Amino acid sequence: MEKLKFIDLFSGIGGIRLGLEQSFGKDNVECIFASEIDKFAIKSYQHNFKENNEIKNIYDINEKEIPDFDIALAGFPCQPFSKAGKELGFEDERGNLFFEIARILEEKKPSIVFLENVSRLKTHDNGDTFKVIVNKLESIGYKVYSKILNSKNFGLPQNRERIFFVCFLDHSINFDFPTGKNIKTKMSDILSEKVNDKYTLSDKMWTSMVSRKERNKKAGKGFGYRLFNHESLYGSTISARYGKDGSEVLIEQKDKNPRRLTPEEALKYQGFPKEFEIIVSDTQAYKQFGNSVSVPVIKEIFDNINKAIRKKEKKID
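These numbers were taken from a predicted model, which means no experiment stands behind them. (Residues numbered from 1 in each chain as written. Predicted model: local features only at pLDDT ≥ 70, side-chain atom pairs only at ≥ 80, totals over all residues. Heavy atoms only, no water.)

A. How the structure looks around the sheet that holds strand S7 (residues 227–228). Read from one edge to the other, the open sheet built from three strands follows the order S7-S8-S9, with strand pairing classed as mixed. Both outer strands of the open sheet, S7 and strand S9 (256–259), are each paired with one neighbouring strand and no more. Pairing of S7 with strand S8 (residues 250–253), which is carried by two bridges, proceeds in the parallel orientation. Pairing of Phe 228 across the sheet is with Ile 251, part of S8. Contacts from helix H5 (residues 203–218) reach S7, S8 and S9, with the element oriented near 70° to S9. (Pairing = 2+ DSSP bridges. Helix = DSSP H or I, 4+ residues; strand = E, 2+ residues; numbered from the N terminus. Contact = heavy atoms within 4.5 Å. Axes fitted to C-alpha atoms, helices over the stretch in contact; angles between N-to-C directions.)

So this is what it looks like as structure tokens:
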């Protein structure tokens, strides 16, 4: 069987790639090109995937020079559409990075396109942002499927909604998104028994968080820390800002201030395999896992992509 070739745009630390490789088999796929601008993410990516190829900024990519490939992966920047950001969408330069993906797709026309973003994209600008993206993909020639999925339905104790786009050049392929296995989870699934005290919040930090949440509550805002324990069924979405205050997921401790997740727990929280090595500082690790994807969700989507392709091939046979 000839290897399926893919490109990994806005690769981060390779979460989408991991899901693809877990589903199709590492020996059956080959990454021919990756793009990323964060030097620490590039460091983690190259270390864990043993990549020697140069990883470029997408603006520096000449689409005509990319070898032919079968699958395009892209978890394009979500901040322009995120509730945690300013929700500027295409008015934010990062929001326009979708059209850099489209530029490559128009030239290369891979058989399959896989995109990921925050669920907020679906309703951003009264749904117009979503329509622009779908219309552009369809104009290039793709049959577009999209759905919002939640990591908590895929065996992870994290309440994390993301929107996924699966696009086929072959319109006769019929695809269904996975619904998840609804495995019961608890935060204890990813929490360590013994944790270094450096992850416990200082009195100053904890007092500040409590005060800020109280002020936000009085102002009618919902922002503030969230407390969880080993028995919690799941925790909140971990974000790229987690290293700054860790307020979205704080773990209760007996006779102590709450603590942050450790980077190793953040790795499990996103469903990364234990073999994935953390080679950067805690601050960068939090940013990397917060920016990444829940790997089991990606794997199940690619399992269904694989099924859809095989079903089509059987009909032809």
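B. Structural detail: the environment of Gln 284. With respect to the secondary-structure elements, Gln 284 resides in helix H8 (residues 282–291). In this structure the C-alpha to C-alpha distance between Gln 284 and Ile 58, which are 226 residues apart in sequence, comes to 21 Å. Look past the residues within four positions of Gln 284 in its chain and what remains in contact with it is Asp 38 and Phe 40.

C. Summary view of unusual backbone geometry. Here the phi dihedral of Phe 10 falls at roughly 50°; this positive angle occurs in a residue that is not glycine. Inspection of the secondary structure assignment puts Phe 10 in the loop between strand S1 (4–9) and helix H1 (15–24). For Phe 10, a relative accessible area of 15% gives the class buried. Even without being a glycine, Asp 255 presents a positive backbone phi close to 60°. One can find Asp 255 in the loop between S8 and S9. (Buried < 20%, exposed > 50% of the residue type's maximum accessible area, 1.4 Å probe, protein only.)

D. The packing of aromatic side chains, seen in detail. On inspection of all chains with the given rule, the structure shows 16 aromatic pairs. With a centroid separation of 6.0 Å and an interplanar angle of 50°, the aromatic rings of Phe 114 and Phe 164 are classed as tilted. Pair noted here: Phe 114 is in strand S4 (residues 112–118) and Phe 164 is in strand S6 (residues 161–168), with a separation of 50 residues, a long-range link. Note on accessibility: Phe 114 and Phe 164 belong to one class, buried. Ring plane angle 80° and centroid distance 6.1 Å describe the contact between Tyr 145 and Phe 168, whose orientation is recorded as edge-to-face. With Tyr 145 in strand S5 (residues 143–150) and Phe 168 in strand S6, the pair connects residues that are 23 residues apart, well separated along the chain. Residues Tyr 145 and Phe 168 agree in their burial class; the two are buried. In this structure an aromatic cluster arises from ring pairing among Phe 24, Phe 114, Phe 164 and Phe 302. For Lys 122, the ring lying beneath its charged end belongs to Phe 130, and the centroid distance is 5.0 Å. When the ring centre of Tyr 225 is taken as origin, the NZ or CZ atom of Lys 213, which lies over that ring, is 4.4 Å away. (Phe/Tyr/Trp six-rings, centres within 6.5 Å; stacked < 30°, edge-to-face > 60°. Lys NZ or Arg CZ within 6 Å of the ring centre and 35° of its normal.)

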